[in-house]
Amino acid sequence: MNRFSLASLALAFPASVNAMLRFSCSQLVLDRLDPLVQPGSIPSGHVHQIVGGNAFNATMDPSLDLPQESTCTTCTFSEDHSNYWTANLYYRSRDGSLTRVPQMANQFLEGANGGMTIYYIQPYDGSSVTAFAPGFRMLVGNPMLREESDSPDSQMSSFRCFEENFGGENGAPGTGQDTRHFPTRPCPGGIRTNLFFPTCWDGVNLDTPDHKSHVAYPVGGTFEMNAPCPDSHPVKIPQLFFEIVWDTREFNDQSDWPEDGSQPFVFSFGDTTGYGQHGDYVFGWEGDSLQRAMDDNCNVACPTLRSQDVNTANQCTIPRSVDEEIDSGLSKLPGDNPIDP
Ligand SMILES: *[C@@H]1O[C@H](CO)[C@@H](O)[C@H](O)[C@H]1NC(C)=O
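Residues numbered from 1 in each chain as written. Predicted model: local features only at pLDDT ≥ 70, side-chain atom pairs only at ≥ 80, totals over all residues. Heavy atoms only, no water.

Named according to an unreviewed UniProt entry, the chain is DUF1996 domain-containing protein originating from Hapsidospora chrysogenum.

Here's what the structure looks like:
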C-alpha cells in the first residue's frame, strides 16, 4: 500500500460535493519555452502547451507583476493571469513520422480552443486554505521517470482511456480505471491526463531551486482524506489540479501503430511510458481574488470572481518565440529529444 493510492483520489469527485474552482483555460501558445526550469532559454529542451495570461515569455522574472504585465488571459476567470503548462503529446506512426496530438475542450466547458481544465480544490473537511502568493511557482512530476515509483512524481499523474463519447461513463479522475502510464489500447474518445500538485507549503519560500522542496504532500494519508500537512510544510494550500484531454481519435488505426504492438504516443521530451508526465505553475491572480474565491467556498461557478466568455478567452494568444515546425511531418521531436525507450 502506498500513501498516494490513486483509488483514494476518487473521493475528489463528483465535483458537486466539494468547494472548488473548475474552469477552462484555452491554448495561449505552443512553444519550446520553459521559464521555470530553463529561464531565458530560447529554445528550451522540449515543446510545451501553455495556457493563462499573455505575459508568459522565456524569462518571467519572479518579481514580475503578472496581473500588471498581462493584458489578457485564456482562462474563464479573467482575474487569473497565472500560467500553467505541460509537455505536449506526439503520435509516432509506423514509418516513424511524428504528428502533434491536438487537445479538446473539457466535456463540461465546451468551446475552448484546446488548452486544459484547471481545478483549485479546497480541503474536504471544510477548513480554510491559504491561497498562493505573488511570485509563487511550483512543478509536479519528473520528466526523467520511465517506470512506476513510490515517489509522488509518478503517483500524482494519471491517464484515462476515454470510451466513445467522453461523457459521464468515463468517470472521475483517479478512479480504478486510471493508469500511471499511457493507455495500451486505442481510446475511442481520446486520452485524458491528470496532474495533482502538492497541497502543503513551507509558508516561507515562494519557490526553491528544484521548484518542489517548498511544497509537500500530506502525511499519513491523502488530501482527500484530510490527512495533515507535515510539520516542515504546515500551511494548507488549495489542491491545484490539471486536466488535459488529448484528441487521439484520428490516431486509432492500429495497423499504423508499432509492429510490436506497443502504443504509439510519446511526450515531447521523448517519453513513451507516460511516467515522466509533469506540469508547471506560475501564480498570477489579481490582488486577493483567489483567496476571496477560496473563502467564499465557490463551487465551480464563483460570483465573487470576474468571468469572460470562451470566445474572448480563445482570442488571447501570443506568437511563438521559436520558429520551427512542431505540428506534423516531423522525423524527430523538436529539440531532437531521443525517443526513450
Ligand atoms: C519577458 O517580459 C518581461 C516583462 O515584459 C521583459 O522585461 C523581458 O525582457 C521579456 N523576456 C523576453 C525573453 O522576451
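Structure's up, so let's keep going.
## Observations concerning the nonpolar core
In plain terms, the rule: To form a nonpolar core, buried Ala, Val, Leu, Ile, Met, Phe, Trp, Tyr and Cys residues must be joined to one another through side-chain atoms within 4.5 Å. Relative accessibility thresholds used throughout: buried, under 20% of the residue-type maximum; exposed, over 50%; partly exposed, between the two (1.4 Å probe, protein chains only). Contact criterion: two residues are considered in contact whenever any of their non-hydrogen atoms come within 4.5 Å of each other.
One finds Leu21, Phe23, Tyr84, Tyr120, Tyr281 and Trp285 to be the most contacted residues of the largest nonpolar core, which totals 56 residues. When neighbours within four sequence positions are excluded, Tyr281 is seen to be in contact with Leu36, Ser82, Asn83, Tyr84, Tyr120, Phe132, Phe136, Arg137, Met138, Phe197 and Leu240. Among the nonpolar cores identified, the runner-up in size contains 16 residues, and Leu28, Ile50, Ala55 and Phe56 belong to it.

## Notes on the sheet that holds strand E6 (residues 98–100)
Where we set the bar: Strands qualify as paired when DSSP identifies two bridges or more between them. By definition, any uninterrupted DSSP run of H or I lasting at least four residues is a helix, any uninterrupted run of E lasting at least two residues is a strand, and each is numbered from the N terminus. Between N-to-C directions, angles span 0 to 180 degrees; the directions come from axes that are lines fitted to C-alpha atoms, helices contributing only their stretch in contact.
Pairing is antiparallel in the open sheet, where 3 strands are placed in the order E6-E5-E16. In the strand order of this sheet, the two ends are held by E6 and strand E16 (265–267), each with one partner. Each strand axis lies, on average, 35° off the axis of its neighbour in the sheet, ignoring direction. Pairing analysis gives 3 bridges linking strand E5 (residues 89–92) to E16, with the strands arranged antiparallel. Within E16, the residue paired with Leu89 across the bridge is Phe267.

## Thoughts on the site of the ligand
The line we're drawing: Residues are labelled near a given molecule or strand when at least one of their non-hydrogen atoms is within 4 Å of it. By the criterion applied in these results, polar contacts are pairs of N or O atoms within 3.5 Å in which, for protein atoms, one can donate a hydrogen and the other can accept it, and in which residues neighboring in sequence qualify only through two side-chain atoms. Note on areas: Shrake-Rupley with a 1.4 Å probe; residue coverage comes only from the protein chains shown. When residue character is reported, Ala, Val, Leu, Ile, Met, Phe, Trp, Tyr, Cys and Pro are called nonpolar, Asp, Glu, Lys and Arg charged, and the others, Gly included, polar.
Looking at the ligand, the residues that line it are Asn57, Thr59, Leu64 and Glu69. Within the contact set of the ligand, a nitrogen atom lies 2.8 Å away from a side-chain nitrogen or oxygen of Thr59. Contacts to the ligand include Glu69, whose side-chain N or O atom sits 3.2 Å from an oxygen atom. With the chains in place, 45% of the 360 Å² that the ligand exposes on its own is no longer accessible. By residue class, the composition of the shell around the ligand is 1 nonpolar, 2 polar and 1 charged.

## Considering the sheet that holds strand E4 (residues 83–87)
With antiparallel pairing, the 5 strands of this open sheet are ordered in space as E2-E3-E4-E17-E9. Sheet topology places strand E2 (27–31) and strand E9 (137–141) at the edges, where each strand pairs with a single neighbour. Within the sheet, the average angular offset between the axes of one strand and its neighbour, ignoring direction, is 15°. Relative to strand E17 (residues 278–282), E4 is paired through 4 bridges, and the arrangement is antiparallel. In the sheet register, Thr86 faces E17, and the bridge partner there is Gly279.

## Comments concerning the side chain of Gln277
Relative to the helices and strands, Gln277 is located in the loop between E16 and E17. We classify Gln277 as buried; its relative accessible area is 2%. In terms of polar contacts, Gln277 uses its side chain to reach the side chain of Thr193, at 3.0 Å. Discounting residues that sit within four places of it in the chain, Gln277 has contacts with Val140, Gly141, Asn142, Ser157, Ser158, Phe159, Thr193, Asn194, Leu195, Phe267, Phe269 and Asp271.

## Quick word on the packing of aromatic side chains
Using the following cut-off: Two aromatic rings from Phe, Tyr or Trp, using only the six-membered ring of Trp, form a pair when their centres are within 6.5 Å; if the ring planes differ by under 30 degrees the pair is stacked, by over 60 it is edge-to-face, and anything between is tilted.
All told, the structure shown has 26 aromatic pairs when counted by the stated rule. With a centroid separation of 6.1 Å and 5° between ring planes, the pair formed by Phe23 and Tyr120 is classed as stacked. Of this pair, Phe23 sits in strand E1 (residues 20–25) while Tyr120 sits in strand E8 (residues 116–121); the two residues are 97 residues apart in sequence, bridging distant segments of the chain. For the pair Phe23 and Tyr120, a shared accessibility class is recorded, and that class is buried. Ring pairing ties together the aromatic residues Phe23, Phe77, Tyr84, Tyr120, Phe132, Phe136, Phe197, Trp201, Phe242, Tyr281, Phe283 and Trp285, which thus form one cluster.

## What about the side chain of Asn88?
On the secondary structure map, Asn88 appears in the loop between E4 and E5. Owing to a relative accessible area of 0%, Asn88 belongs among the buried residues under this scheme. When sequence neighbours within four positions are dropped, the list of residues in contact with Asn88 reads Leu30, Val47, His48, Gln49, Arg100, Trp246, Val266, Phe267 and Ser268.

## A short note on the confidence of the model for the chain
The condition is simple: A residue's pLDDT is the predictor's confidence in that residue, given on a scale from 0 to 100.
On average, residues of the chain carry a pLDDT of 90, and 90% of them reach 70 or more. Here residues 1–16 is modelled with pLDDT under 50, and outside its nearest four sequence neighbours on either side it reaches 39 contacts, counting other chains as well.

## Details of the state of the cysteines
The criterion, for reference: Two cysteine sulfur atoms form a disulfide, by the criterion used here, when they sit within 2.5 Å.
Applying the stated criterion across every chain yields a total of 5 disulfides. Between Cys25 and Cys75 runs a disulfide, and the two sulfur atoms are separated by 2.1 Å. Handedness here is read from the sign of the S-S torsion; for Cys25 and Cys75, about 105°, the answer is right-handed. Of this pair, Cys25 sits in strand E1 while Cys75 sits in the loop between helix H1 (66–69) and E4; the two residues are 50 residues apart in sequence, bridging distant segments of the chain. Between the sulfur of Cys72 and that of Cys316 lies a disulfide, 2.0 Å long from S to S. Measuring the twist about the S-S bond at about 75°, one finds the Cys72-Cys316 disulfide to be right-handed. One end of the pair, Cys72, is in the loop between H1 and E4; the other, Cys316, is in the segment after helix H4 (310–315), with 244 residues separating them in the sequence. Looking at Cys72, the relative accessible area reads 23%, which means it is partly exposed.

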